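So you can see what is in the structure, the chains are spelled out below.
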Amino acid sequence: MIRLSGRFRSALIIGLQGIRSRKTRTLLSMVSLFLGVLAVVVVQAGASIAERALLADMELQRGIDGTKVMGMAPQPRVSEIIMDTVPGRDDAVAVVGVSAIIGEPGVRPVNPNASPFDEIGFYGMPMVCDATGNCREQTSAEAGPEGQAIEVRLTALTGDIRQFKPFRPESGQWLDFDSMPMMAPRLVLNKEAAKGFERYKVPAEMRVPGASANVTPQLIGVVDDGDYQPRAYVRMDEMANWIPATKLVDPSMGEMNVLMTGNTPVEQVLTSKLKAINAEPYVELINSRKDQEKELALMRLIFLSMAGLVLLIGVAGILNVGLATVGERVEEFALRRAVGTPRALLAGIVLAETLITGLLTAALAIGVSAVALKGVVMVAGNSEPFLQGVVFPWDAGVAGVIAGLIAGVLGGFVPAVRAAGIPIATVMRA
C-alpha cells in the first residue's frame, strides 16, 4: 500500500512538473476543454434554477409540499361546520371564494365572470343557477347596463394563508389577522386585479351576493399569487359584519377549501362532521416535486446530453494535445524505462497531467459560472422573483468537477497507454 502511495505521489509530482514546463500545451488543452465543462456546469445550474422556478410557481397556486388540501362542495351547512372548527387555529386555514363586483352599483362589470383583463369576453356572460342546480347564461338585460365596475374572485380567509402558499408581496401590506376586525373590509389584490384597478377608475363600492348592503372596502396591498384571474383576499371575520358565513357560499361557482398541515387533528374532526351530514370531503396531499420528478429528470437529461456532446469535443482536443506531447517525449519515457521506471508509473504521469488539467479547467468553469450567475441575479433579480436569493447550486459545482475528471481520464487514457508501451530500445536509437 505504501508502494502504491509512493508511485501515485511520484506521478503527481512529475505531472505537475510537466505542466509547468509545457504551459502553452496545457493552455491549449484547457481552452479546448473549457467550453465542454462550462456547458455541463451551466446546464446543471440552469436545470436547478428552472426546477426552483417551476416549483415556486406551483407553490403559489397549489401550496407548499406537505400541505393537505381538503375540498368540499360549497353548502351552507358545510360552511357552518368549517366556521365552528377552523377559525383561530394556526395549523389550518379555511378558504371560501365567491364572486364580487367593485364599482358602480347595478351595472355589468367590464370583465364578466372575473375574466382576465387581457381576455375580456372570453368566458361569456355569467351563469344563473336556481335552487335545483339548473344553470343558464345570464342575459344582457339581467346583467344590467355597461358601467365602471370590475369583477373579482373574493377569497375570504380565516387565517394567514401564506404559511401554505408563500405569496410574494408586490406593494402595500398583507392582511393583519391579529388586529380587531374592521367594518370596512381590508382587501389585498393579486397582480391581475391590481391591473384592473389601474386601467379602470371605479368607485370603492363592493357588492357581494347575500350581503345586507354594499360594502366600502379598503385596498391595502398587492401580492403575486400566481393566479391568472383577478382575485381579492379578505378576512373572513370582516366580511361576517356584512354577510353571515352561511351565506358566503356560491353553489354554482364558489370555492371552499381547508389548507392544513400534515399532522393536524382538524382533518379528522372535519371529516367526521362532514360525513355526518352526507358531505363527502376529498383530501389531496401536495407533493409537487414528486409529481414533476419525471418531467424534471427528462429535461435535465436532454440538456446534459447536449452538454456531453460539447464535452466530447473538449476531450478530443485534450486527446490530440496529449498524443502530441507523448510523441515529443518518447526519448524521455524510454530513458525512464531504462532506469527502471515501471510502465504503470509512466502511464500515471500522463494521466496525472490530464487529470490536473481537467480539474483546473473545471475550477475555472465553475468560477466563471458562479460570477455570471451572481451578475444575472443582481441585474434581473428585482424583475424575476424566482431569482431573488438564488445562489450557485452545489450540484452544478459537483457536476463540473466530475466532468473535468472524466475528461481528464478519457483524454489521457490513450496517451498514457502509448507512453507505457514505449520500448527501452528507443533510447538507444536516440
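Residues numbered from 1 in each chain as written. Predicted model: local features only at pLDDT ≥ 70, side-chain atom pairs only at ≥ 80, totals over all residues. Heavy atoms only, no water.

Novice: Pulling in residues and values, what's your account of the overall build of the protein chain?
Specialist: A count of helices and strands for the protein chain gives 13 helices and 12 strands. Pairs at least 24 residues apart make up 85% of the contacts formed inside the protein chain by residues separated by at least 6 positions. (Helix = DSSP H or I, 4+ residues; strand = E, 2+ residues; numbered from the N terminus. Contact = heavy atoms within 4.5 Å.)

Novice: Account for the side chain of T264, with residues named and values stated.
Specialist: Tracing the backbone through its elements, the reader meets T264 in the loop between β11 (255-260) and α7 (266-276). On the basis of relative accessible area, T264 is assigned to the buried category, the value being 8%. At 2.8 Å, the side chain of T264 and the side chain of D91 are in polar contact. Apart from residues lying up to four places away in sequence, T264 is in contact with R89 and D91. (Buried < 20%, exposed > 50% of the residue type's maximum accessible area, 1.4 Å probe, protein only. Polar contact = N/O pair within 3.5 Å; in protein donor to acceptor, adjacent residues only side chain to side chain.)

Novice: So what about α7? Which residues, and what values?
Specialist: In an α-helix, one full turn covers 3.6 residues, which means residues spaced three or four apart are oriented alike. Taken together, the buried positions of α7 are occupied by V266, L270, T271 and L274. For α7, the arc enclosing every buried residue in end-on projection is 125°, short of the 170-degree limit, so these residues lie on one face. Pointing more than 90 degrees away from the buried face of α7 are the exposed residues Q268 and A276. Residues of α7 that are buried in the fold lie against β1 (68-71), α3 (76-85), β2 (92-103) and β11. Immediately downstream of α7, the backbone of N278 shows phi near 65°, a positive value. (Arc of directions from axis to C-beta.)

Novice: Provide a residue-level description of the UniProt feature "transmembrane region" (unreviewed entry) in the protein chain, including the pertinent values.
Specialist: Here, UniProt's "transmembrane region" (unreviewed entry) annotation points to residues 27-47, 297-323, 344-372 and 392-414. Secondary structure across residues 297-323 divides into 100% helix and 0% strand, with the first and last C-alpha atoms of the span separated by 37 Å. Across residues 392-414, helical content stands at 91% and strand content at 0%; the span's end C-alpha atoms are separated by 35 Å. (UniProt positions renumbered as here; feature names shortened; annotations may be inferred.)

Novice: So what's going on with the packing of helix α9 (residues 293-328) against helix α12 (residues 394-420)? Residues and values would help.
Specialist: Where α9 contacts α12, the two axes come as close as 9 Å, and the packing angle between them is 35°. Crossing of α9 over α12 shows right-handed handedness. The residues of α12 that touch α9, namely those facing R300, L311, V315, I318, L319, G322, L323 and V326, are D395, A403, A407, L410, G411, V414, P415, R418 and A419. Residues of the contact of α9 with α12, tallied by class, amount to 12 nonpolar, 2 polar and 3 charged. (Axes fitted to C-alpha atoms, helices over the stretch in contact; angles between N-to-C directions. Left-handed = near helix turned anticlockwise from the far one by under 90°. Nonpolar A, V, L, I, M, F, W, Y, C, P; charged D, E, K, R; others polar.)

Novice: Tell me about unusual backbone geometry, and name the residues and values.
Specialist: For A114, which is not a glycine, the phi torsion comes out positive at approximately 55°. Among the secondary structure elements, A114 is positioned in the loop between β2 and β3 (127-129). At N278, a residue that is not glycine, the phi angle is positive and equals roughly 65°. Relative accessible area serves as the criterion here: at 76%, N278 is assigned to the exposed category.

Novice: Break down a nonpolar patch on the surface for me, with residues and values.
Specialist: On the surface, a nonpolar cluster with roughly 730 Å² of combined accessible area is contributed by L309, L312, W394, V398, I402, I406 and L410. Listed by contribution, the elements that provide at least two residues to the nonpolar patch are α9 and α12. Here the element with the most residues in the nonpolar patch is α12; it accounts for 5 residues. By secondary structure assignment, the location of I402 is in helix α12. (Patch = residues over 30% accessible without salt bridge, like charges linked within 9 Å, V, L, I, M, F, W, Y side chains within 5 Å. Areas by Shrake-Rupley, 256 points an atom, 1.4 Å probe, with all protein chains shown as cover. Salt bridge = Lys/Arg side-chain N within 4 Å of Asp/Glu carboxyl O.)

Novice: Pulling in residues and values, what's your account of the nonpolar core?
Specialist: Most often, soluble globular proteins keep nonpolar side chains buried together rather than apart. L154, M206 and V258 are the most contacted members of the largest nonpolar core, which totals 41 residues. At 6 residues, the largest contribution of residues to this core is made by β2. Those residues in contact with L154, other than ones at most four positions away along the chain, are V96, G97, V98, A100, L187, M206, V208, A232, V234 and M239. Core analysis: the second largest hydrophobic core is formed by 20 residues, V37, V41, I318 and I366 among them. (Core = buried A, V, L, I, M, F, W, Y, C linked by side-chain atoms within 4.5 Å.)

Novice: Got a sec to walk through the pattern of salt bridges? Specific residues and values, please.
Specialist: Inspection of every chain in the model, using the stated rule, returns 14 salt bridges. For the salt bridge of E284 with R62, the shortest nitrogen-to-oxygen distance reads 2.5 Å. With E284 in strand β12 (residues 282-285) and R62 in the loop between α2 (23-61) and β1, this residue pair connects regions lying 222 residues apart in the sequence. When its relative accessible area of 38% is taken as the criterion, E284 is described as partly exposed. Classification of R62 by relative accessible area gives partly exposed; the value is 24%. R162 is paired through a salt bridge with D160; the nearest N and O atoms lie 3.0 Å apart. Among the ionic contacts, a cluster of salt bridges with common partners joins D118, E192, K195 and R199.

Novice: A description of α3 should follow, citing residues and the corresponding values.
Specialist: For α3, the set of buried residues is V78, S79, I81, I82 and T85. Along the axis of α3, the buried residues cluster in a sector spanning 160°; they form a single face. Across from the buried face of α3, at angles greater than 90 degrees, the exposed residues are R77 and D84.

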